[in-house]
Amino acid sequence: MSYDGAIEALSTDALKFVKDGYVIGLGSGRAATAFVKSLSSFIKIKNYNIKGVPTSLQIKLIAEKGGIPLVGADQVDHIDVVFDGADQIDSQKFVIKGGGGALLRENILFNLAKKVVVMADKSKFVKNFTRTVPVEIHPQARNLVINKIKGLGGKAELRLIDKGYPFFTENGNVILDCDFGVIKNPKILSQKIKQISGVVESGIFIRKPDVIYRAKTDGKFDII
(Lines give C-alpha, C1' and ligand atoms only; values in the text may rest on other atoms or scores of the structure.)
Protein backbone atom coordinates (compact mmCIF):
# COMPACT_ATOMS: atom_id res chain seq x y z
CA MET A 1 0.00 0.00 0.00
CA SER A 2 1.20 3.52 -0.81
CA TYR A 3 1.21 6.61 1.38
CA ASP A 4 1.96 8.91 -1.58
CA GLY A 5 -1.58 10.26 -1.95
CA ALA A 6 -1.84 11.09 1.74
CA ILE A 7 1.60 12.72 1.76
CA GLU A 8 0.54 14.95 -1.12
CA ALA A 9 -2.74 15.83 0.60
CA LEU A 10 -1.23 16.67 3.98
CA SER A 11 1.59 18.69 2.42
CA THR A 12 -1.08 20.90 0.86
CA ASP A 13 -3.08 21.12 4.10
CA ALA A 14 0.04 22.13 6.04
CA LEU A 15 0.28 25.31 3.95
CA LYS A 16 -2.34 26.79 6.29
CA PHE A 17 0.47 27.37 8.80
CA VAL A 18 2.36 29.61 6.33
CA LYS A 19 1.84 33.38 6.44
CA ASP A 20 3.31 36.26 4.46
CA GLY A 21 6.68 37.38 5.81
CA TYR A 22 7.41 34.09 7.59
CA VAL A 23 10.82 32.48 8.00
CA ILE A 24 10.22 28.79 7.30
CA GLY A 25 12.40 25.81 8.18
CA LEU A 26 12.57 23.23 5.41
CA GLY A 27 13.27 19.71 6.64
CA SER A 28 14.59 16.77 4.66
CA GLY A 29 13.08 13.55 3.36
CA ARG A 30 10.03 12.44 1.38
CA ALA A 31 7.31 14.35 3.24
CA ALA A 32 9.40 17.51 3.46
CA THR A 33 10.15 17.29 -0.27
CA ALA A 34 6.43 17.09 -1.06
CA PHE A 35 5.79 20.08 1.20
CA VAL A 36 8.52 22.19 -0.39
CA LYS A 37 7.05 21.56 -3.84
CA SER A 38 3.60 22.60 -2.59
CA LEU A 39 5.09 25.65 -0.87
CA SER A 40 6.77 26.76 -4.08
CA SER A 41 3.46 26.95 -5.95
CA PHE A 42 1.64 28.42 -2.95
CA ILE A 43 3.89 31.46 -2.46
CA LYS A 44 3.74 32.28 -6.16
CA ILE A 45 -0.07 32.17 -6.20
CA LYS A 46 -0.34 34.18 -2.95
CA ASN A 47 2.59 36.47 -3.85
CA TYR A 48 3.99 35.81 -0.37
CA ASN A 49 7.39 37.10 0.66
CA ILE A 50 8.91 34.31 2.72
CA LYS A 51 12.40 33.02 3.48
CA GLY A 52 13.28 29.35 3.62
CA VAL A 53 16.00 27.81 5.80
CA PRO A 54 17.05 24.42 4.37
CA THR A 55 18.42 21.59 6.52
CA SER A 56 20.34 19.83 3.76
CA LEU A 57 21.76 20.26 0.28
CA GLN A 58 19.05 17.86 -0.97
CA ILE A 59 16.22 20.12 0.13
CA LYS A 60 18.15 23.27 -0.79
CA LEU A 61 18.33 22.15 -4.41
CA ILE A 62 14.60 21.38 -4.51
CA ALA A 63 13.76 24.75 -2.93
CA GLU A 64 16.04 26.61 -5.34
CA LYS A 65 14.40 24.89 -8.29
CA GLY A 66 11.00 25.97 -6.94
CA GLY A 67 12.11 29.58 -6.63
CA ILE A 68 11.95 29.76 -2.81
CA PRO A 69 14.28 32.48 -1.41
CA LEU A 70 16.77 30.87 0.98
CA VAL A 71 18.89 31.97 3.93
CA GLY A 72 21.17 30.12 6.35
CA ALA A 73 20.19 29.26 9.93
CA ASP A 74 22.96 31.59 11.11
CA GLN A 75 21.31 34.51 9.31
CA VAL A 76 18.07 34.44 11.32
CA ASP A 77 17.27 34.78 15.02
CA HIS A 78 14.09 32.72 14.83
CA ILE A 79 12.03 30.49 12.57
CA ASP A 80 8.27 30.97 12.52
CA VAL A 81 7.50 27.37 11.61
CA VAL A 82 9.54 24.36 10.54
CA PHE A 83 8.15 21.50 8.45
CA ASP A 84 9.94 18.17 8.66
CA GLY A 85 9.53 14.41 8.60
CA ALA A 86 10.51 11.78 11.19
CA ASP A 87 12.03 8.30 11.22
CA GLN A 88 9.96 7.26 14.22
CA ILE A 89 7.47 8.93 16.60
CA ASP A 90 6.68 7.44 20.00
CA SER A 91 3.55 7.68 22.18
CA GLN A 92 5.11 10.59 24.13
CA LYS A 93 5.51 12.51 20.81
CA PHE A 94 9.29 12.41 20.88
CA VAL A 95 10.82 11.86 17.44
CA ILE A 96 13.90 10.09 16.11
CA LYS A 97 15.53 11.76 13.12
CA GLY A 98 18.79 11.42 11.24
CA GLY A 99 18.10 8.55 8.87
CA GLY A 100 19.21 10.83 6.05
CA GLY A 101 22.10 12.26 8.04
CA ALA A 102 20.85 15.84 8.56
CA LEU A 103 20.05 15.53 12.28
CA LEU A 104 22.29 18.35 13.50
CA ARG A 105 20.84 21.00 11.19
CA GLU A 106 17.32 19.66 11.69
CA ASN A 107 17.68 19.90 15.48
CA ILE A 108 19.01 23.45 15.22
CA LEU A 109 15.89 24.42 13.25
CA PHE A 110 13.59 22.61 15.70
CA ASN A 111 15.00 24.71 18.54
CA LEU A 112 14.89 27.97 16.58
CA ALA A 113 11.26 27.44 15.63
CA LYS A 114 8.18 28.95 17.26
CA LYS A 115 6.16 26.05 15.81
CA VAL A 116 7.25 22.58 14.65
CA VAL A 117 5.12 20.62 12.17
CA VAL A 118 6.10 16.98 11.60
CA MET A 119 4.71 14.90 8.74
CA ALA A 120 5.09 11.11 8.65
CA ASP A 121 3.34 8.00 7.41
CA LYS A 122 1.46 5.67 9.74
CA SER A 123 4.28 3.08 9.81
CA LYS A 124 6.53 5.53 11.69
CA PHE A 125 4.30 5.65 14.79
CA VAL A 126 5.20 3.32 17.69
CA LYS A 127 4.48 3.02 21.42
CA ASN A 128 8.20 3.00 22.28
CA PHE A 129 11.18 3.62 20.01
CA THR A 130 12.51 0.43 18.45
CA ARG A 131 14.79 1.65 15.67
CA THR A 132 18.45 2.60 15.90
CA VAL A 133 19.35 6.08 17.10
CA PRO A 134 21.60 8.06 14.74
CA VAL A 135 24.37 9.87 16.64
CA GLU A 136 26.54 12.42 14.84
CA ILE A 137 30.10 12.44 16.16
CA HIS A 138 33.52 13.90 15.44
CA PRO A 139 35.51 11.29 13.46
CA GLN A 140 38.33 11.30 16.04
CA ALA A 141 35.89 10.27 18.79
CA ARG A 142 34.68 7.11 17.07
CA ASN A 143 36.19 4.50 19.42
CA LEU A 144 35.50 6.57 22.52
CA VAL A 145 31.83 7.02 21.69
CA ILE A 146 31.35 3.38 20.61
CA ASN A 147 32.65 2.24 24.03
CA LYS A 148 30.53 4.79 25.92
CA ILE A 149 27.41 3.74 23.98
CA LYS A 150 28.16 0.16 24.98
CA GLY A 151 28.27 1.35 28.59
CA LEU A 152 24.77 2.76 28.13
CA GLY A 153 23.54 -0.65 26.99
CA GLY A 154 23.69 0.03 23.27
CA LYS A 155 25.55 -1.29 20.26
CA ALA A 156 26.97 1.30 17.87
CA GLU A 157 27.88 0.75 14.23
CA LEU A 158 29.57 3.27 11.96
CA ARG A 159 27.27 4.24 9.09
CA LEU A 160 28.74 3.30 5.72
CA ILE A 161 27.79 4.11 2.14
CA ASP A 162 27.30 1.42 -0.53
CA LYS A 163 30.98 1.04 -1.41
CA GLY A 164 31.97 0.55 2.22
CA TYR A 165 33.29 4.03 2.86
CA PRO A 166 32.14 5.96 5.96
CA PHE A 167 29.12 8.20 5.52
CA PHE A 168 30.08 11.83 6.16
CA THR A 169 27.51 14.46 7.08
CA GLU A 170 27.45 17.88 5.44
CA ASN A 171 29.23 19.09 8.59
CA GLY A 172 32.21 16.77 8.04
CA ASN A 173 31.26 14.38 10.83
CA VAL A 174 30.38 10.67 10.86
CA ILE A 175 27.29 8.91 12.17
CA LEU A 176 26.96 5.98 14.53
CA ASP A 177 23.67 4.06 14.31
CA CYS A 178 23.07 2.89 17.86
CA ASP A 179 20.80 0.00 18.81
CA PHE A 180 19.34 0.27 22.32
CA GLY A 181 16.46 -2.15 21.76
CA VAL A 182 13.16 -0.80 23.08
CA ILE A 183 13.61 2.77 24.39
CA LYS A 184 11.16 3.68 27.16
CA ASN A 185 12.91 6.83 28.45
CA PRO A 186 14.14 8.63 25.32
CA LYS A 187 14.71 12.00 26.99
CA ILE A 188 17.06 10.57 29.61
CA LEU A 189 18.89 8.45 27.04
CA SER A 190 19.39 11.42 24.71
CA GLN A 191 20.80 13.51 27.56
CA LYS A 192 23.28 10.74 28.45
CA ILE A 193 24.37 10.37 24.82
CA LYS A 194 24.96 14.10 24.43
CA GLN A 195 27.16 14.14 27.55
CA ILE A 196 29.73 11.90 25.80
CA SER A 197 32.80 13.78 24.56
CA GLY A 198 32.88 13.93 20.77
CA VAL A 199 29.11 13.64 20.32
CA VAL A 200 27.77 16.49 18.20
CA GLU A 201 24.08 15.58 18.22
CA SER A 202 21.66 12.79 19.14
CA GLY A 203 18.90 11.66 16.80
CA ILE A 204 16.40 11.64 19.67
CA PHE A 205 14.88 15.12 19.52
CA ILE A 206 13.81 16.52 22.90
CA ARG A 207 11.81 19.40 21.39
CA LYS A 208 8.42 17.84 20.65
CA PRO A 209 6.42 18.81 17.56
CA ASP A 210 3.45 21.15 18.01
CA VAL A 211 1.55 19.53 15.13
CA ILE A 212 1.91 15.97 13.82
CA TYR A 213 0.43 14.81 10.53
CA ARG A 214 -0.10 11.05 10.14
CA ALA A 215 -0.47 9.78 6.56
CA LYS A 216 -2.59 6.67 5.93
CA THR A 217 -2.53 4.16 3.09
CA ASP A 218 -6.04 5.09 1.93
CA GLY A 219 -4.84 8.51 0.78
CA LYS A 220 -6.18 10.25 3.90
CA PHE A 221 -4.43 11.72 6.93
CA ASP A 222 -5.15 12.83 10.47
CA ILE A 223 -3.60 15.40 12.78
CA ILE A 224 -2.38 14.44 16.25
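Draft legend 1. Quick peek at unusual backbone geometry. The backbone of N47 sits at a positive phi, close to 60°, despite the residue not being glycine. By the element assignment, N47 lies in the loop between α2 (30-46) and β2 (51-54). Although it is not a glycine, K93 adopts a positive phi angle of roughly 75°. On the secondary structure map, K93 appears in the loop between β4 (88-89) and β5 (95-96).

Draft legend 2. Quick look at the environment of I43. Mapped onto the secondary structure, I43 falls in helix α2. A residue is classified by how much of its surface remains accessible, and I43, at 7% relative accessible area, is buried. Note: C-alpha distance between I43 and H138 (95 residues apart in sequence) is 39 Å. When neighbours within four sequence positions are excluded, I43 is seen to be in contact with Y48, I50, I68 and P69.

Draft legend 3. Summary view of the sheet that holds strand β9 (residues 174-179). Strand order in the open sheet made by the four strands is β8-β9-β7-β10, with antiparallel pairing throughout. Looking at which strands have only one partner, the edges of the open sheet turn out to be β8 (155-158) and β10 (199-202). The average angle at which neighbouring strand axes cross in this sheet is 30°, direction not considered. Note that strand β7 (residues 133-137) and β10 share three bridges and pair antiparallel. Bridge pairing in β10 links I137 to V199. In the packing of helix α6 (residues 186-194) onto the sheet, the strands contacted are β7 and β10, and the crossing angle to β10 comes to about 165°.

Draft legend 4. Summary view of the environment of L39. Along the chain, L39 falls in helix α2. L39 sits in the buried class, given a relative accessible area of 0%. With 21 residues separating them in the primary sequence, L39 and V18 have C-alpha atoms 8.7 Å apart.

Draft legend 5. Here's a closer look at the nonpolar core. Core analysis: the biggest nonpolar cluster contains 29 residues, and F35, L39, F83 and M119 have the highest contact counts within it. Secondary-structure elements contributing two or more residues to this core are α1 (4-13), β1 (23-26), α2, α3 (57-65), β3 (79-84), β6 (113-121) and β12 (211-215). Per-element accounting of this core gives the leading share, eight residues, to α2. Excluding anything up to four places from it in sequence, M119 contacts L10, A14, A31, A32, F35, F83, D84, G85, A86 and Y213.

Draft legend 6. Highlighting the packing of α1 against α2. Packing of α1 against α2 leaves a shortest axis separation of 9 Å and a crossing angle of 50°. Classified by the angle between their axes, α1 and α2 sit oblique to one another. Note that α1 runs across α2; the crossing there is right-handed. When α1 is examined against α2, the residues D4, I7, E8, S11 and T12 are found in contact with a partner set consisting of R30, A31, A34, F35 and S38. For the contact of α1 with α2, the per-class residue count stands at four nonpolar, three polar and three charged.

Draft legend 7. Here's a closer look at the sheet that holds β12. Spatially, the six strands line up as an open sheet ordered β2-β1-β3-β6-β12-β13, and their pairing is mixed. Because the sheet does not close on itself, it has two edges, and the strands there are β2 and β13 (221-223). Ignoring which end each strand starts from, the neighbouring axes of this sheet average 20° apart. By the bridge criterion, three bridges tie β12 to β13 in an arrangement that is antiparallel. Note that in β13 the partner of R214 across the bridge is D222. The strands touched by helix α4 (residues 103-112) are β1, β2, β3 and β6; relative to β6, the strand with the most contacts, the crossing angle is about 130°.

Draft legend 8. Local environment of the side chain of D90. Positionally, D90 belongs in the loop between β4 and β5. Here D90 occupies a buried position and makes no salt bridge, while the nearest side chain of opposite charge, K208, is found at 6.7 Å. Within the local environment of D90, its side chain forms a polar contact with the backbone nitrogen of Q92, the two atoms lying 3.0 Å apart. In terms of polar contacts, D90 uses its side chain to reach the backbone amide nitrogen of F94, at 2.9 Å.

What counts, and at which threshold
- Residues numbered from 1 in each chain as written.
- Predicted model: local features only at pLDDT ≥ 70, side-chain atom pairs only at ≥ 80, totals over all residues.
- Heavy atoms only, no water.
- Helix = DSSP H or I, 4+ residues; strand = E, 2+ residues; numbered from the N terminus.
- Buried < 20%, exposed > 50% of the residue type's maximum accessible area, 1.4 Å probe, protein only.
- Contact = heavy atoms within 4.5 Å.
- Pairing = 2+ DSSP bridges.
- Axes fitted to C-alpha atoms, helices over the stretch in contact; angles between N-to-C directions.
- Core = buried A, V, L, I, M, F, W, Y, C linked by side-chain atoms within 4.5 Å.
- Parallel < 35°, antiparallel > 145°, perpendicular 65-115°, else oblique.
- Left-handed = near helix turned anticlockwise from the far one by under 90°.
- Nonpolar A, V, L, I, M, F, W, Y, C, P; charged D, E, K, R; others polar.
- Lys, Arg positive; Asp, Glu negative; His and termini not counted.
- Salt bridge = Lys/Arg side-chain N within 4 Å of Asp/Glu carboxyl O.
- Polar contact = N/O pair within 3.5 Å; in protein donor to acceptor, adjacent residues only side chain to side chain.

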